[in-house]
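An overview of the molecular structure
The lines below spell out each chain.
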Amino acid sequence: MTESLPSWSIHAVNLAEHADNPVHTHAGGVAAGYPGAVVAGTTIYGYLTRPAVQAWGLDWIGGGSGEVRFRAPVVADELVEIGAAAHESGWEIEARTSSGRCATLVVGRGGELPSEAVGERLDPLVVELTDRWTGYATRSGEDLGLCTDLDIVHPVVWPALANRVFSTQLVDGPWVHTRSRIRHLGTATPGDTAVVEAWLVGRLDSRAGERAVVDVRISIDHRPVAAIEHEAIVRLAPRTAA
């Protein structure tokens with residue numbers, strides 16, 4: 001096990017393609033009670049993966065695991081500092097802004113295919129992994145470049161595809177990604193076609209709004225590459241602006 005993981009910092013980038021979710025625009029973020037445009041959780045996840053990708057490379061990209069939790073919003077252009085500490089399950093990588101901790105990713109080695117999915121089956125998606133997906137990490141500022149050098153898809157793409165399930169089938173207004181448990185089961189190459197299958201596990205109410213949990217399985221040519229337990233607030237509760 002690596003004795004330490006590298007730290008890193010970046011000013012968070014909000015990608016134009018996320019504007020279909022109003023909270024990722026300045027006006028929509030303010031209307032939802034945030035101080036500005038909220039950066040997509042998948043982008044913050046991409047930042048959090050950098051130390052693991054740098055330390056373990058292909059071993060983690062193709063066979064590792066992680067559970068990310070988003071604890072506070074990050075506004076576009078905020079400085080995000082990434083650091084890591086040993087954890088009982090492996091390593092906990094933390095993202096912080098001037099306001100405090102905003103997200104954590106507990107990473108480990110060894111992803112395994114979960115048991116058979118249960119719940120309401122949603123419509124499967126078929127997605128060609130073009131630059132919209134394979135260039136995600138680079139466009140959001142993740143500058144390590146290892147996945148580009150290896151000609152493989154960056155792990156940020158898997159929760160981004162899970163988000164696509166939510167945006168096309170479960171939401172019709174502003175929503176917020178809150179948590180993902182991700183298992184890497186293989187790698188993909190830019191240009192591959194991904195089949196994204198999903199099952200709605202359940203819905204629950206919370207003070208922040210209505211949450212939905214979805215079991216997502218992603219495969220390439222019938223070969224599993226990722227399994228994700230993906231959670232988001234699909235209907236935001238009214239909140240007071242900061």
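What comes next is a walk through the structure. Residue numbering note: each chain is counted from 1, following its sequence as written. The predicted nature of this model means local features are confined to residues of pLDDT at least 70 and side-chain atom pairs, given and counted, to a pLDDT of 80 or more, with totals for whole chains, interfaces and linings taken over all residues. Side-chain calculation: all heavy atoms of the structure are included, whereas hydrogens and water are not.

1. Comments concerning the overall build of the protein
Our working rule: In this description a helix means any DSSP run of H or I spanning at least four residues, a strand means any run of E spanning at least two, and both kinds are numbered starting from the N terminus. Throughout, exposure labels follow a simple rule: accessible area from a 1.4 Å probe, protein chains only, divided by the maximum for the residue type, with under 20% read as buried, over 50% as exposed, and the rest as partly exposed. In what follows, residue pairs with any heavy atoms lying within 4.5 Å of each other are defined as contacts. Each accessible area is a Shrake-Rupley estimate made with a 1.4 Å probe; only the visible protein chains count as cover when residues are assessed. Positive charges come from Lys and Arg, negative ones from Asp and Glu, while His and the chain ends are left out of the count. By convention, the charge on Lys lies at NZ, on Arg at CZ, on Asp at CG and on Glu at CD.
When helices and strands are tallied, the protein shows 7 helices and 11 strands. Over its C-alpha atoms, taken along the principal directions, the protein stretches across nearly 45 × 40 × 35 Å. Per-residue burial over the protein gives 50% buried out of 242 residues. Long-range contacts, defined here as pairs at least 24 residues apart, represent 72% of the contacts in the protein between residues at least 6 apart. Here the protein displays about 10,900 Å² of accessible surface, and carbon together with sulfur accounts for 47% of that area. Averaging the locations of the 20 positively and 30 negatively charged side chains of the protein gives two centres separated by 6 Å.

2. Side note on the pattern of salt bridges
Our working rule: Any Lys or Arg side-chain nitrogen located within 4 Å of an Asp or Glu carboxyl oxygen qualifies as a salt bridge.
A complete count under the given rule lists 14 salt bridges for this structure. Measuring nitrogen to oxygen at the nearest pair gives 2.9 Å for the salt bridge that ties Arg-121 to Glu-197. Of this pair, Arg-121 sits in strand S6 (residues 120-121) while Glu-197 sits in strand S9 (residues 193-206); the two residues are 76 residues apart in sequence, bridging distant segments of the chain. One salt bridge in this structure joins Arg-179 and Glu-229, with 2.7 Å as the shortest N-O distance. Of the two residues, Arg-179 is situated in strand S8 (residues 176-184) and Glu-229 in strand S11 (residues 223-236); the sequence distance between them amounts to 50 residues. We classify Glu-229 as partly exposed; its relative accessible area is 34%. Because the salt bridges share partners, they merge into one network encompassing Glu-67, Arg-69, Arg-179, Arg-211, Glu-229 and Glu-231.

3. Thoughts on the pairing of S9
Using the following cut-off: When DSSP finds at least two bridges between two strands, those strands are taken to pair.
Sheet analysis places S6 next to S9, joined by 2 bridges and oriented antiparallel. In the sheet register, Glu-120 faces S9, and the bridge partner there is Leu-200. Two successive antiparallel strands, S9 and strand S10 (residues 209-220), enclose a turn made up of 2 residues.

4. Points about the packing of aromatic side chains
For the record, the criterion: Aromatic pairs are defined between Phe, Tyr and Trp rings, using the six-membered ring for Trp, whenever the two ring centres lie within 6.5 Å; interplanar angles under 30 degrees are classed as stacked, those over 60 as edge-to-face, and all others as tilted. In this scheme, the term charge over a ring applies when either NZ of a lysine or CZ of an arginine sits within 6 Å of the ring centre and within 35 degrees of the ring normal.
The full count for this structure, using the stated rule, is 2 aromatic pairs. Between Trp-8 and Tyr-47, the ring centres sit 5.7 Å apart and the planes meet at 70°, which makes this aromatic pair edge-to-face. One end of the pair, Trp-8, is in strand S1 (residues 8-11); the other, Tyr-47, is in helix H2 (residues 41-56), with 39 residues separating them in the sequence. Tyr-47 shares its class with Trp-8; the two are buried. Look at Phe-166 and Trp-175: their rings are 5.6 Å apart centre to centre, the planes differ by 10°, and that puts the pair in the stacked class. Its relative accessible area of 8% is what places Trp-175 among the buried residues. Taking the ring centre of Trp-133 as reference, the NZ or CZ of Arg-132 above it sits at 4.8 Å.

5. Things to note about the pairing of S10
Taken across its 12 residues, S10 has 12 buried, putting it largely inside the fold. Pairing between S9 and S10: 12 bridges, direction antiparallel. Of the residues in S10, the one forming a bridge with Gly-202 is Val-213. With 12 bridges connecting them, S10 and S11 associate as antiparallel partners. Bridge pairing links Val-214 to His-230 in S11. Between S10 and S11, which follow one another and run antiparallel, lie 2 residues, and Asp-221 among them has a positive phi close to 50°.

6. Topic: the environment of Pro-73
Mapped onto the elements of the fold, Pro-73 is located in the loop between strand S2 (64-70) and strand S3 (79-87). For the pair Pro-73 and Ala-37, spaced 36 residues apart in the sequence, the C-alpha separation amounts to 9.4 Å. Setting aside residues no more than four positions away along its own chain, Pro-73 makes contact with Tyr-34, Val-38 and Glu-78.

7. Here's the deal with H2
Short version of the rule: To estimate how far a helix should extend, the number of its residues minus one is multiplied by 1.5 Å. To obtain the bend at a residue, axes are fitted to the seven residues ending there and to the seven starting there, and the angle between these axes is taken.
Relative to the 22 Å expected for 16 residues at 1.5 Å per residue, H2 spans 23 Å between its end C-alpha atoms, a close match to the ideal helical length. Along H2, the sharpest kink reaches roughly 35°, centred on Thr-49 and followed within four residues by the proline Pro-51. Among the 16 residues that make up H2, 14 are buried, leaving the element largely enclosed by the rest of the structure. Downstream of H2 by a residue or two, Gly-57 has a phi angle that is positive, lying close to 55°.

8. Considerations on the side chain of Arg-211
Stated formally: Polar contacts, as counted here, are pairs of nitrogen or oxygen atoms within 3.5 Å of one another; within protein the pair requires one atom able to donate a hydrogen and one able to accept it, and residues that are adjacent in sequence qualify only if both atoms are side-chain atoms.
As for its placement among the helices and strands, Arg-211 is situated in strand S10. Here the side chain of Arg-211 touches Thr-178 through a polar contact of 3.4 Å, side chain to side chain. Those residues in contact with Arg-211 that sit more than four places away from it in its chain are Thr-178, Gly-202, Arg-203, Leu-204, Ser-206, Glu-231, Ala-232 and Ile-233.

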